[in-house]
Amino acid sequence: MKSGSSLERILESGQFAVTAEAGPPKGSSAKVIQRKGELLKFCCDALNVTDNQTAIVRMSSLGGCLLLKELGVEPVLQMVVRDRNRLALQGDILGAAALGIRNVLCLSGDHQKFGNHPTAKGVYDIDSIQFIQMVKTMRDEHKFLNGEEISGDVPFFIGAAANPFADPFEFRVIRLAKKVNAGADFIQTQGIFDMARFTEWMKMARDKGLHEKTHILAGLIPVKSVGMARYMRNNVAGLSVPLEIVDRMADAKDPKEEGVKICLETIEQLKEVEGVHGIHVMAVAWEDIVPRIVEEAGLMPRPVV
Amino acid sequence: MIVAKRKPFEEIKESVVGAKRILVLGCGTCVAVCLSGGEKDVAILALQLKMALKLENQDVHIDELTIERQCDREFIEQIGTRVNPDDYDVILSMACGAGVQLLSDVFEHKVVLPALNTTFIGVAEKLGVWSERCSGCGDCILGKTAGLCPIARCAKQLLNGPCGGSVNGKCEISKEVDCVWQLIIDRLTRLDRLEMLEEIFPVKDWSPAGHGGPRKMVREDLKL
Ligand code: SF4
């Protein structure tokens, strides 16, 4: 075991994993994150705590992770290189290790221009792939980026993001391979609506044998309304929402029900894709729906490891 | 070239409040080429200032002068052969930030003010359009990135791009901005060298990029 996290044990034992997102509040209330933790505790194997997601300042991911851990929920520490240089990243990795956090997701982060501090200076000292490599070296060789020795263990299950829907498509699997070579033990993908493109990407990944070197968790975004579907289709760079999905949402008498239906159909299809080892549900501002989706997808009860 | 853009007129006017004699000083090199601080631009700004100040009944004398380069002492020292610097209480420089600072060094007792915002090292794409190409990072990587710089041109300075926001060749920050990583991939594909990108690009040493403190270049062989 690299980290001993439940997520690692579930994936390494060949079981289908379920993770979800628990975004911290724009404030200091522990309750917000605790409520999400309680809600999702029994239907997920680990919860990702986002890191100033979409460049909007929120409670730190590390703080959120610790609150979840205190509840007995396993956190995934999301970290973006937009806000921290190599010193801060390594320091936070050690702090998280000391606090018993065992999963980390290494990200670039959305550009600060999108957030609520668009005049901020972006850091981008290292990129997400170099970050993955750095954490792997800290874990496996007990060495900092500069080669100095680290005292103590840094047991992390290292995650990375992948977006099969960004361009150029042919390069997406090469970039996945770079992340796997850098040390990504698991991958959480962008939300999937365009199944044709996802299966094509998975095929390319399998051709390179990547599905055997890393655990790919397929991303899902439950859609609440036609407005949300349209917004994602037109305004979110790197998200591919086919017109068919928008139409289904527009025609639905009960859009929320339709959203759940779409999500469940997607999960059914994903289960059949060779190399998909789990799902990652990003129900931003609709966390309440996650237990139902996991239940109706036939993924309950969650394994105890 | 160094590309610069004139500051908003109101800001310039505000900055010279109280001055009685102003020298608007242009620079004949980069900023003249990008049509911000050359002879013509000096004439326009001087005229605008004269008119605006006159409307406010302010009695201000304004002269114009453009020298070859404000980033070179040799040219700055020639100013004295054409005007008497002591005649002015403000020198309004239309050079890049380097020029403004060298003027301040030379004219120790004079107020030197910038009329331009220095923006980037770039190229003239077409008439009226300039764009950034170089960040002056001090350790050129163009040989490894198909001659296209991700430090100057990727919004996240990724060395292992493109990120997940690259769509239809455009950057996630705007549909108006090319994703340089798409351009790099296209170019390497044309050159049949795409495999270059399979290697992980190592972490960059930012110390020559200015993070090691202000930079200086010394050529012993040229020193007098
Ligand atoms: S879209 Fe391209 S240029 Fe923009 S931040 Fe991502 S990799 Fe860089």
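What counts, and where the lines are drawn
Residues numbered from 1 in each chain as written. Chains lettered and ligands numbered in written order. Predicted model: local features only at pLDDT ≥ 70, side-chain atom pairs only at ≥ 80, totals over all residues. Heavy atoms only, no water. Helix = DSSP H or I, 4+ residues; strand = E, 2+ residues; numbered from the N terminus. 1 Å grid on protein atoms, 1.4 Å probe; cavity = no way out; pocket = protein on both sides within 12 Å on 5 of 7 lines; lining within 4 Å. Points joined across faces, edges and corners; volume = space filled by probe spheres on them. Nonpolar A, V, L, I, M, F, W, Y, C, P; charged D, E, K, R; others polar. Near = heavy atom within 4 Å. Phe/Tyr/Trp six-rings, centres within 6.5 Å; stacked < 30°, edge-to-face > 60°. Buried < 20%, exposed > 50% of the residue type's maximum accessible area, 1.4 Å probe, protein only. Domains from an automatic or database assignment. Contact = heavy atoms within 4.5 Å. Buried area = accessible area lost by both parts, 1.4 Å probe. Salt bridge = Lys/Arg side-chain N within 4 Å of Asp/Glu carboxyl O. Polar contact = N/O pair within 3.5 Å; in protein donor to acceptor, adjacent residues only side chain to side chain. Axes fitted to C-alpha atoms, helices over the stretch in contact; angles between N-to-C directions. Left-handed = near helix turned anticlockwise from the far one by under 90°. Core = buried A, V, L, I, M, F, W, Y, C linked by side-chain atoms within 4.5 Å.

A. Spatial organisation of unusual backbone geometry. Residue and element names in this part refer to chain A. The omega torsion across Asp-167 and Pro-168 is -15 degrees, close enough to zero to call that bond cis. Assignment of secondary structure puts Pro-168 in the loop between strand S5 (157-162) and helix H6 (169-182). The omega angle of the peptide bond from Met-300 to Pro-301 is -5 degrees, so this bond is cis rather than trans. Looking at where Pro-301 falls in the secondary structure, it is placed in the segment after helix H11 (290-296). Residues other than glycine seldom take positive phi values, yet Asn-52 does so here, at roughly 40 degrees.

B. Molecular detail of the layout of surface pockets. Approximately 980 Å³ is the volume found for the second largest pocket. Around the second largest pocket, the lining comprises 36 residues; the ones closest to its centre are Ser135(B), Ile151(B), Ala152(B), Cys154(B) and Gln157(B). Listed by contribution, the elements that provide at least two residues to the lining of the second largest pocket are helix H4 (86-98) of chain A together with strand S6 (116-126), strand S7 (129-134), helix H7 (150-153), strand S9 (174-178) and helix H8 (180-190) of chain B. When residues in the lining of the second largest pocket are grouped by element, the largest group, 4 residues, is from S7(B). Taken together, the residues of the lining of the second largest pocket break down into 17 nonpolar, 7 polar and 12 charged.

C. Geometry of the site of the ligand. In the vicinity of the ligand, the residues found are Cys154(B), Ala155(B), Lys156(B), Leu158(B), Pro162(B), Cys163(B), Ser166(B), Cys171(B), Glu172(B), Cys179(B), Val180(B) and Trp181(B). Partitioned by chemical class, the residues of the shell around the ligand number 9 nonpolar, 1 polar and 2 charged.

D. Local environment of the packing of aromatic side chains. Residues and elements named next belong to chain A. Summed over the entire model, instances satisfying the criterion amount to 2 aromatic pairs over all chains. Ring centres of Phe-157 and Phe-186 lie 5.1 Å apart, and the angle between their planes is 25 degrees; this geometry places the pair in the stacked category. You can see Phe-157 sitting in strand S5 and its partner Phe-186 sitting in strand S6 (residues 186-191), a full 29 residues away along the chain. Grouping residues by exposure puts Phe-157 and Phe-186 together as buried. Residues Phe-198 and Trp-201 carry aromatic rings whose centres are separated by 5.8 Å and whose planes lie at 35 degrees to one another, so their mutual orientation is tilted.

E. Highlighting the domain arrangement of chain B. The assigned domain composition of chain B is domain 1 (2-120) and domain 2 (137-208). Just the C-alpha atoms count here: the centres of domain 1 of chain B and domain 2 of chain B sit 38 Å apart.

F. Molecular detail of the interface of chain B and chain A. Every contact between the two is made by 30 residues of chain B and, on the other side, 29 residues of chain A. The junction of chain B with chain A conceals about 2500 Å² of combined surface from both sides, 55% of it contributed by carbon and sulfur atoms. At the surface where chain B touches chain A, the tally comes to 0 salt bridges. Between the two partners, chain B and chain A, sit 20 residue pairs in polar contact (both at pLDDT 80 or more).

G. The arrangement of the packing of helix H9 (residues 243-251) of chain A against helix H10 (residues 255-271) of chain A in detail. Residue and element names in this part refer to chain A. Interaxial distance between H9 and H10 falls to 8 Å at its minimum, and their mutual angle equals 145 degrees. Note that H9 runs across H10; the crossing there is right-handed. Contacts from Ile-245, Arg-248 and Met-249 of H9 reach H10 at Pro-255, Glu-258, Gly-259, Lys-261, Ile-262 and Glu-265. Residue composition of the contact of H9 with H10, by class: 4 nonpolar, 1 polar and 4 charged.

H. Structural context of the nonpolar core. Counting residues in each nonpolar core, the largest one holds 76 residues, and the members touching the most others are Phe131(A), Phe156(A) and Phe198(A). Filtering out sequence-adjacent residues up to four positions away, Phe131(A) remains in contact with Met79(A), Val81(A), Leu89(A), Ile93(A), Cys106(A), Leu107(A) and Ile126(A). Counting 24 residues, the second largest nonpolar core, distinct from the first, contains Val31(B), Leu45(B), Ala52(B) and Leu92(B).

I. Local environment of empty space enclosed by the protein. All names here are of chain B. Using the criterion set out here, one finds 3 cavities of 30 Å³ or more in the structure. Space inside the largest cavity adds up to approximately 110 Å³. Considering the residues around the largest cavity, the lining is formed by 16 residues, among which Cys-154, Ala-155, Cys-163, Cys-171 and Cys-179 are closest to the centre. Elements represented by at least two residues in the lining of the largest cavity include exactly strand S8 (170-171) and H8. Here the residues of the lining of the largest cavity are counted per class, giving 9 nonpolar, 2 polar and 5 charged.

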